[in-house]
Amino acid sequence: MTAPPAASPAAPTLVLDGVAKSFGPVVALRSGSLTLRPGSVHALIGENGAGKSTLVKIIAGLYQRDAGTFEYLGEPVDFTTTAESKDAGIAVIYQEPTLFPDLSVTENVFMGRQPTMSFGRIDKKAMRDEVVSLFEQLGVHVDPDRPTRGLSIADQQLVEIAKAMSLDAKVLVMDEPTAALSGVEVERLFSVARALRDEGRAILFISHRFDEVFDLCDTVTVMRDGEYISTSAIADTTVDQLVRQMVGRDVTDLFPKVVAPVGDVLLKVEGLTRTGVFHDVSFEVRAGEIVALAGLVGAGRSEIARAAFGVDPYDSGTVTVAGKPLPGGDPTKAMSRGLALIPEDRRRQGAVLDSGIARNVTLTIRDRLTRFGVLTNAAENASAREWAARFEVRAPSLDTLAGTLSGGNQQKVVIAKWLATEPSVLIVDEPTRGIDVGTKSEVHRLLSDLAGQGLAILMISSELPEVLGMADRVLVVHEGRITANLTREEATPEAVMHAATHSLEETR
Ligand SMILES: Nc1ncnc2c1ncn2[C@@H]1O[C@H](COP(=O)(O)OP(=O)(O)OP(=O)(O)O)[C@@H](O)[C@H]1O
Ligand SMILES: [Mg+2]
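Below is a summary of the structure that appears in this document. Residue indices follow the written sequence of each chain, beginning from 1 at its first position. As a convention, the first chain written is A and the first ligand written is 1, with the rest following in written order. Whole-chain, interface and lining totals are the exception, using all residues; otherwise, since this is a predicted model, local features are given only for residues with pLDDT of at least 70 and side-chain atom pairs are given and counted only at 80 or more. Values reported for side chains reflect all heavy atoms of the structure, with hydrogen atoms and water molecules removed beforehand.

1. Observations regarding the pattern of salt bridges
By definition, a salt bridge exists where a carboxyl oxygen of Asp or Glu is found within 4 Å of a side-chain nitrogen of Lys or Arg. Scanning all chains against the criterion turns up 16 salt bridges. With a closest N to O distance of 3.8 Å, Arg 301 and Glu 430 form a salt bridge. Taken as a pair, Arg 301 in helix 9 (residues 301–309) and Glu 430 in the loop between strand 17 (425–429) and helix 16 (437–452) lie far apart in primary sequence, 129 residues in all. Given the relative accessible area of 5%, Arg 301 is considered buried. When the shortest N-O distance is used, the salt bridge between Asp 312 and Arg 306 registers 2.9 Å. We count a stretch as a helix when DSSP gives it H or I for four or more residues in a row; a strand needs E for two or more, and each element gets its number in order from the N terminus. Here's how the labels work: a residue is buried when its accessible area is under 20% of the maximum for its type, exposed when over 50%, partly exposed in between, all with a 1.4 Å probe on protein chains only.

2. Details of the site of ligand 1
As a matter of local geometry, ligand 1 sits amid 19 residues, with Lys 52, Ser 53, Thr 54, Ser 406 and Gly 408 nearest to it. For the purposes of these results, a polar contact is taken to be a pair of N or O atoms within 3.5 Å, where, inside protein, one atom must be able to donate a hydrogen and its partner to accept one; residues adjacent in sequence count only when each atom of the pair is a side-chain atom. Separating a nitrogen atom of ligand 1 from a side-chain N or O atom of Tyr 63 is a distance of 3.4 Å. The Shrake-Rupley method, run with a 1.4 Å probe sphere, supplies the accessible areas, and residue values consider only the shown protein chains as cover. Isolated, ligand 1 exposes 650 Å² of accessible area, and the fraction of that covered by the protein chains is 89%. Contributions of two or more residues to the shell around ligand 1 are made by helix 1 (52–60) and helix 15 (407–419). Here the shell around ligand 1 gets 3 residues from one element, more than from any other, and that element is helix 1. When residues are sorted by character, Ala, Val, Leu, Ile, Met, Phe, Trp, Tyr, Cys and Pro go into the nonpolar class, Asp, Glu, Lys and Arg into the charged class, and all the rest, Gly among them, into the polar class. A class-by-class count of the residues in the shell around ligand 1 yields 5 nonpolar, 11 polar and 3 charged. Each domain's extent is set by a domain assignment, obtained either automatically or from a database. Residue assignment places the shell around ligand 1 across two domains, with domain 1 (14–99 + 151–247) and domain 3 (354–422) each supplying three or more. Proximity is defined per residue: any heavy atom of the residue falling within 4 Å of a molecule or strand makes that residue near it.

3. A closer look at the nonpolar core
Definition of nonpolar core: a set of buried residues of the types Ala, Val, Leu, Ile, Met, Phe, Trp, Tyr and Cys, connected through side-chain atoms within 4.5 Å. Counting residues in hydrophobic clusters, the biggest one holds 48 residues, and the most contacted among them are Ile 45, Phe 135, Leu 172 and Met 174. A per-element tally of this core places helix 5 (residues 153–166) first, with 7 residues. In what follows, residue pairs with any heavy atoms lying within 4.5 Å of each other are defined as contacts. Contacts of Ile 45, omitting those with residues within four sequence positions, involve Lys 52, Ser 207, Phe 210, Val 213, Val 220, Thr 221, Val 222, Met 223, Leu 242 and Met 246.

4. Comments concerning the packing of helix 5 against helix 6 (residues 183–198)
Angles shown run from 0 to 180 degrees and are taken between the N-to-C directions of axes, each axis being a line fitted to C-alpha atoms and, for helices, limited to the stretch in contact. Between helix 5 and helix 6, whose axes approach to 12 Å, the crossing angle comes to 10 degrees. With respect to helix 6, the axis of helix 5 lies roughly parallel. Contacts between helix 5 and helix 6 pair Ala 154, Leu 158, Ile 161 and Met 165 from the former with Glu 185, Leu 189, Val 192 and Leu 196 from the latter. Grouping the amino acids of the contact of helix 5 with helix 6 by side-chain chemistry returns 7 nonpolar, no polar and 1 charged. Note that the term roughly parallel is reserved for angles under 35 degrees, roughly antiparallel for angles over 145, roughly perpendicular for angles of 65 to 115, and oblique for everything else.

5. Let's talk about unusual backbone geometry
Apart from glycine, the bulk of residues carry a negative phi angle, and the bulk of peptide bonds sit in the trans form. Unlike most non-glycine residues, Glu 176 shows phi in positive territory, near 45 degrees. Structurally, Glu 176 can be placed in the loop between strand 7 (171–175) and helix 6. Accessibility expressed as a relative area gives 6% for Glu 176, which makes it buried. Even without a glycine there, the phi angle at Ala 322 is positive, about 50 degrees.

6. Concerning the sheet that holds strand 20 (residues 481–487)
Within the open sheet, the 6 strands sit side by side as 16-17-18-13-19-20. Their pairing is mixed. Lying at the two open borders of the sheet, with one neighbouring strand each, are strand 16 (339–342) and strand 20. With direction set aside, neighbouring strand axes in the sheet form an average angle of 15 degrees. The pairing of strand 17 with strand 18 (residues 456–460) spans 5 bridges and is parallel. Opposite Leu 426, over in strand 18, you have Ile 457 as the bridge partner. Against the sheet, helix 18 (residues 493–501) engages strand 13 (290–295), strand 19 (473–478) and strand 20, with an angle of about 30 degrees to strand 19. Here, strands pair whenever DSSP counts at least two bridges between them.

7. A closer look at helix 1
Counting buried residues in helix 1 gives 9 out of 9 residues, a clear majority hidden from the surface. Downstream of helix 1 by a residue or two, Gly 61 has a phi angle that is positive, lying close to 85 degrees.

8. With respect to the environment of Ile 59
Relative to the helices and strands, Ile 59 resides in helix 1. When its relative accessible area of 0% is taken as the criterion, Ile 59 is described as buried. Among all residues touching Ile 59, those that are not within four sequence positions of it are Leu 14, Leu 16, Leu 34, Phe 70, Phe 79, Ser 85, Ile 90 and Leu 204.

9. Some remarks on helix 5
With 14 residues, helix 5 extends 20 Å between its outermost C-alpha atoms, agreeing within 8% with the 20 Å of an ideal straight helix rising 1.5 Å per residue. Counting buried positions along helix 5 gives 13 out of 14 residues, so the element sits mostly inside the fold. Of the residues trailing helix 5, Asp 168 is marked for its positive phi of about 55 degrees. What a helix should span is 1.5 Å times the count of its residues minus one.

10. So, the side chain of Thr 432
By the secondary structure assignment, Thr 432 is in the loop between strand 17 and helix 16. A polar contact of 2.5 Å, which involves the side chain of Thr 432, links it to the side chain of Glu 466.

11. Details of the sheet that holds strand 12 (residues 278–286)
Hydrogen bonding along the main chain pairs the strands of a sheet, whether they run parallel or antiparallel. If you walk across this open sheet you meet the 4 strands as 12-11-14-15, and the pairing is antiparallel. Every interior strand has two partners, whereas the edge strands, strand 12 and strand 15 (324–325), have only one. Judged from the 6 bridges that link them, strand 11 (residues 265–274) and strand 12 form a sheet pairing that is antiparallel. In the strand pairing of strand 12, Leu 272 is matched with Val 281. The strands that helix 9 touches are strand 11, strand 12 and strand 14 (316–321); relative to strand 12, the one it contacts most, it runs at about 70 degrees.

12. Notes on the packing of aromatic side chains
Each Phe, Tyr or Trp ring, with Trp reduced to its six-membered ring, pairs with another whose centre is within 6.5 Å; inter-plane angles below 30 degrees give stacked pairs, above 60 give edge-to-face pairs, and intermediate values give tilted ones. Evaluated as defined, the whole model comprises 4 aromatic pairs. The interplanar angle of 85 degrees and the centroid separation of 5.6 Å between the aromatic rings of Phe 70 and Phe 79 together place this pair among those described as edge-to-face. Neither residue differs from the other here; Phe 70 and Phe 79 are each classed as buried. Ring centres 5.7 Å apart and planes at 85 degrees place the aromatic pair Phe 190 and Phe 205 in the edge-to-face group. Of this pair, Phe 190 sits in helix 6 while Phe 205 sits in strand 8 (residues 202–206), and the two are 15 residues apart along the sequence. Taking relative accessible area as the criterion, Phe 190 reaches 1% and is therefore assigned buried. With a relative accessible area of 0%, Phe 205 lands in the buried category.

Shown next as structure tokens:
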């Protein structure tokens, strides 16, 4: 087997060739190959379940490979623990945060390698000082003394990044680090990554977002079904070429929009206000309609959705579902009235990682599947099988623990779980974040189908192509206010971006 072609002449820092890994009958990685060079930011892309995270875990010494070669700094290596790879200068930020909730932020950054003074005492002050200086570089505002429990996903991710940076590593691996970060945080992370690159470190960056890959990386490796497909210089490739290599076929229509007949108003929000968060928000969503809430990250879109569903409070205004007012702050009531909210942070608010897929999917509909007080495995499996198939959840069986699924497949399980409640009004927050291109069009088709069946759909999305491709109407939110209500025809990229970046007065 030959190594991937060289993209730049510098001697490689790390070379994997023909690396394989199975878990019982599941082949997670068939033949992974990767060459990382100093001073380069290398992207690793592929569909959900392609084996990217498995490759990362082998580099980290968390998993041991079954076959293939692994060279680091010109020498063959076998890392049997994560401590060994860390000591050798490889820092890894995993897709799922791995912080200890009860330890302080500082203790987490230094986990397993506390600096000692003479007589073996741990130098607490040195640790804290270093964390403060790392946070300054990263522009992070987190108290170094607080426990990490309760930190937002974005802050946890930033702590992980600080932890990786404190290692002074030769290789930095980031597995979907941006999935939970806002635009400003992503920019900050990228400037740190570029600085590390300029110091001659090798960086591996995994993302499903092509704009990020093209913005940050110089080289890109594509994987498909556990196998190495190609390595190219970013300058020599295009999104279309990469997509074709990822899915092994042409993806022609990413957004198969079907305009459905529009019926009654199913969701009506009037004058909804939460002081300091959003103000005087009014809109309607009709049966058969997909209405997008567009805007910049932090504009207040998720907050509006959460308040309408009842998980967050609001100060004034009304929410009406199918003509009946919905009391605020009561998500159980909202669900019984046919409302469903698929949250943005699906990893934390969604999947029960130590339960099987079937159990997860049917979690929200256990009452309905129960006959004469008994919920049979057969009923659970039948319902779950249908949903897992619709979403192409890639797993050996319905008993597979959600925790062992690839990140994207976990998300599909959570979406399926909410759709299984058969809502009449569906609110989806960033429906395709963390989902690969192939499945993305599946999710879009599904949303389109659901609208066709008469659901009213409110879709929050930060991806402009998704908004423009999917929505019948686009509401643009800027600093907690709706600044535009555009029809499909009116919703040009310029119109949406203008409303997203200007106040109501400025747009008039
Ligand atoms: N510990 C494990 N036990 C069983 N199967 C596993 C385990 N880890 C990974 N797999 C399986 O191996 C395959 C590859 O998973 P991996 O997490 O590497 O994918 P990925 O490319 O990172 O996907 P994503 O983009 O969704 O994060 C998946 O089918 C996954 O279910
Ligand atoms: Mg992954």
